Amino acid sequence: MFRLMPPQRHDADPDRSEVLAYIRENLRCELGRAIRAFNSMRNKKSQVIVYDMVHRQWRGCDWVPPEDEDKVSLLLRTINELKRDVAYLKTSVKKHERLFGQLERKRSRKREEQEEPDSEVEAQEEKSSPDVDSEELERKKREEEKAANRKAYNDYWGPIRAALAADQEASAPSVAPRSSPSDSTAPIQSPWENAEDEVS
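Residues numbered from 1 in each chain as written. Predicted model: local features only at pLDDT ≥ 70, side-chain atom pairs only at ≥ 80, totals over all residues. Heavy atoms only, no water.

Chemist: What is the right way to look at helix 2 (residues 31–41) in this model?
Modeler: For the α-helix, the turn length of 3.6 residues means that residues three or four positions removed from each other point alike. Residues Ala34, Ala37, Phe38 and Met41 constitute the buried set of helix 2. Buried residues of helix 2, viewed axially, fall in a sector of 100 degrees; they line one side. Lining the buried residues of helix 2 we find helix 1 (18–27), strand 1 (49–52) and strand 2 (57–60). (Buried < 20%, exposed > 50% of the residue type's maximum accessible area, 1.4 Å probe, protein only. Helix = DSSP H or I, 4+ residues; strand = E, 2+ residues; numbered from the N terminus. Arc of directions from axis to C-beta. Contact = heavy atoms within 4.5 Å.)

Printed below as a string of structure tokens:
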């Protein structure tokens, strides 16, 4: 219905807008619905109605002027707009290609930097022990791993054991406690009895 709409002017005031009047006429609806229909039809996704920037008017996307000269000028304008769009897309694609190239170069540099230290260490090991065979290297690695594990074990458990030993020494009494009358039935010697024995 609106793809062949002839050019119409739009105004900020809805009552003076030719486009809204045309939509209201064809849909036979109130102004609010006509505004919603206009907004949905001019949306970039649908583009049922397009804006002609030369004449500053809205028209249907399939509308063509009745005269041949006007048809040619419209087609030329459309072609020029498409060329501009294509040029813009080309520049954006080139920009993204440059960014991808920069990222690839950065990634390859990081890989090279990571590989260089590893290769230097391997070369130094080969220079220092050219006659050592692989079995001895594996044995040394195993011994180093065991020593590292032992050290880690002692580092972890050593302070804990020392703390436990200190707690046991602190809590262990140096003299055996005297038994109270409630704990045992044996007679308890009072301190004044000891004093009488010493005097006599």
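Chemist: Which parts of the structure should I look at to understand the packing of aromatic side chains?
Modeler: The description of an aromatic ring pair uses the distance of the two centres, along with the angle that the planes make with each other. Across all of its chains, the model carries 5 aromatic pairs by this definition. Here a set of aromatic residues connected by ring pairs shows up, and it is made of Phe38, Tyr51 and Trp58. (Phe/Tyr/Trp six-rings, centres within 6.5 Å; stacked < 30°, edge-to-face > 60°.)

Chemist: Would you explain unusual backbone geometry in this entry?
Modeler: Both trends apply: most residues other than glycine have a negative phi, and most peptide bonds are in trans. Positive phi values are uncommon outside glycine, yet Arg28 reaches one of about 50 degrees. By the secondary structure assignment, Arg28 is in the loop between helix 1 and helix 2. Within the chain, Gln47 stands out as a residue other than glycine whose phi angle is a positive 50 degrees. A relative accessible area of 39% places Gln47 in the partly exposed class.

Chemist: In this structure, what is going on with the nonpolar core? I would like to understand it.
Modeler: When a protein is soluble and globular, its nonpolar side chains tend to lie buried together. Core analysis: the largest hydrophobic core is formed by 14 residues, its most contacted members being Phe2, Met5, Ile23, Phe38, Met41 and Ile49. Sorting the residues of this core by element identifies helix 1 and helix 2 as the ones contributing at least two each. Other than its neighbours up to four places away in sequence, Met5 contacts Val19, Tyr22, Ile49, Trp58, Arg59, Gly60 and Trp63. (Core = buried A, V, L, I, M, F, W, Y, C linked by side-chain atoms within 4.5 Å.)

Chemist: Help me out: how do you make sense of the environment of Arg59 in this one?
Modeler: Relative to the helices and strands, Arg59 resides in strand 2. The exposure class of Arg59 is buried, given its relative accessible area of 12%. For the pair Arg59 and Arg3, spaced 56 residues apart in the sequence, the C-alpha separation amounts to 7.8 Å. Apart from residues lying up to four places away in sequence, Arg59 is in contact with Met5, Pro6, Pro7, Val48, Ile49, Val50, Asp52 and Leu74.

Chemist: In this structure, what is going on with the packing of helix 1 against helix 2? I would like to understand it.
Modeler: Two elements in contact, helix 1 and helix 2, have axes whose closest approach is 9 Å; the angle formed by their N-to-C orientations is 110 degrees. With respect to each other, helix 1 and helix 2 are oriented roughly perpendicular. Taking contact as the criterion, the partners of Val19, Leu20, Ile23, Arg24 and Leu27 in helix 1 are, on helix 2, Leu31, Ala34, Ile35, Ala37, Phe38 and Met41. Its residues assigned to classes, the contact of helix 1 with helix 2 shows 10 nonpolar, no polar and 1 charged. (Axes fitted to C-alpha atoms, helices over the stretch in contact; angles between N-to-C directions. Parallel < 35°, antiparallel > 145°, perpendicular 65-115°, else oblique. Nonpolar A, V, L, I, M, F, W, Y, C, P; charged D, E, K, R; others polar.)

No statement about biological role is implied by the geometric values presented.
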